[in-house]
Amino acid sequence: LEAIKVDGTLISYADKSLTKDREVILHAVKGHGGALEYADDAFRKDREIVLEAVKEHGSALQHTDKKLKVDKEVVLVAVKQNGYALLYADKKLKADKDVVLVAIKQNASILQYADKKLKADKKIVLIAVKTSGDALQYASTSLKKDKDVVKVAIKQNEDALQYVDPSLKKDKEIFKTGEEIYKN
């Protein structure tokens, strides 16, 4: 049990009976949330154990029961730890502005997993491109034409120019933004 407390993934080498022991699994996921993968199915439905697992390792969300992938609190804890956990969340929560904002603040490229409506939400996309201009590639077509969004993306990373709508590639103001990068 002491070894599992230090590295929860060691549960994968334990006797099958230990994967059915709640106390052992709780210690394992506290040591490494990924240990949830080796837990008995009953514990993948256990909210307390799942919360401990995703708090330590957000991607453990992939090993949880469907009912917990739609639980906003569980998903928020997971994406706060690892934005990529959004990939495993229920479709409804990929459309939840609060959840997506937390995920994007953790990692801007998570925009790619957000619901289509949120990829067209200027506030969300601006937050993403302020952190990583390359996130522009996941924005809606309409926001790739939006000068405000495009300028922010280019100021953050000039390579974002490749994701700008062709209609703006003739716009001197957009290229002026790119030139300002080199002056500073």
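Reading the values: the criteria
Residues numbered from 1 in each chain as written. Predicted model: local features only at pLDDT ≥ 70, side-chain atom pairs only at ≥ 80, totals over all residues. Heavy atoms only, no water. Helix = DSSP H or I, 4+ residues; strand = E, 2+ residues; numbered from the N terminus. Contact = heavy atoms within 4.5 Å. Phe/Tyr/Trp six-rings, centres within 6.5 Å; stacked < 30°, edge-to-face > 60°. Polar contact = N/O pair within 3.5 Å; in protein donor to acceptor, adjacent residues only side chain to side chain. Salt bridge = Lys/Arg side-chain N within 4 Å of Asp/Glu carboxyl O. Buried < 20%, exposed > 50% of the residue type's maximum accessible area, 1.4 Å probe, protein only.

## Structural notes on the environment of Ala108
Thinking step 1. Position of Ala108 relative to the elements: it lies in the loop between α8 (97–106) and α9 (116–119).
Thinking step 2. The spatial distance from the C-alpha of Ala108 to the C-alpha of Lys145 is 19 Å, given a sequence separation of 37 residues.
Thinking step 3. Residues contacting Ala108, with those up to four places away along its chain left out, are Ala128, Thr131, Ser132 and Ala135.

## Overview of the packing of aromatic side chains
Thinking step 1. Under the criterion given, the structure shown has 1 aromatic pair.
Thinking step 2. Aromatic side chains Tyr84 and Tyr113 sit 6.1 Å apart centroid to centroid with 70° between the ring planes, which places their arrangement in the edge-to-face category. Of the two residues, Tyr84 is situated in the loop between α6 (72–81) and α7 (91–94) and Tyr113 in the loop between α8 and α9; the sequence distance between them amounts to 29 residues.

## Let's talk about the side chain of Asp165
Thinking step 1. As for its position among the elements, Asp165 is in the loop between α11 (147–156) and α12 (172–183).
Thinking step 2. Here Ser167 takes part through its side chain, which lies 2.5 Å from a polar atom of the side chain of Asp165.
Thinking step 3. Those residues within four positions of Asp165 in sequence are excluded, and the remaining contacts are Thr141, Lys144 and Lys145.

## Let's talk about the pattern of salt bridges
Thinking step 1. Scanning all chains against the criterion turns up 15 salt bridges.
Thinking step 2. Measuring nitrogen to oxygen at the nearest pair gives 2.6 Å for the salt bridge that ties Glu73 to Arg47. Here Arg47 lies in helix α4 (residues 47–56) and Glu73 lies in helix α6, a separation of 26 residues in the sequence.
Thinking step 3. For Glu73, a relative accessible area of 44% gives the class partly exposed.
Thinking step 4. The shortest N-O distance in the salt bridge between Lys72 and Asp96 comes to 3.2 Å. Placement of Lys72 in helix α6 and of Asp96 in the loop between α7 and α8 is noted, with a sequence separation of 24 residues between them.
Thinking step 5. A residue is classified by how much of its surface remains accessible, and Lys72, at 30% relative accessible area, is partly exposed.
Thinking step 6. A cluster of three or more residues bridged by salt bridges with shared partners is formed by Lys147, Lys151, Asp171 and Glu173.

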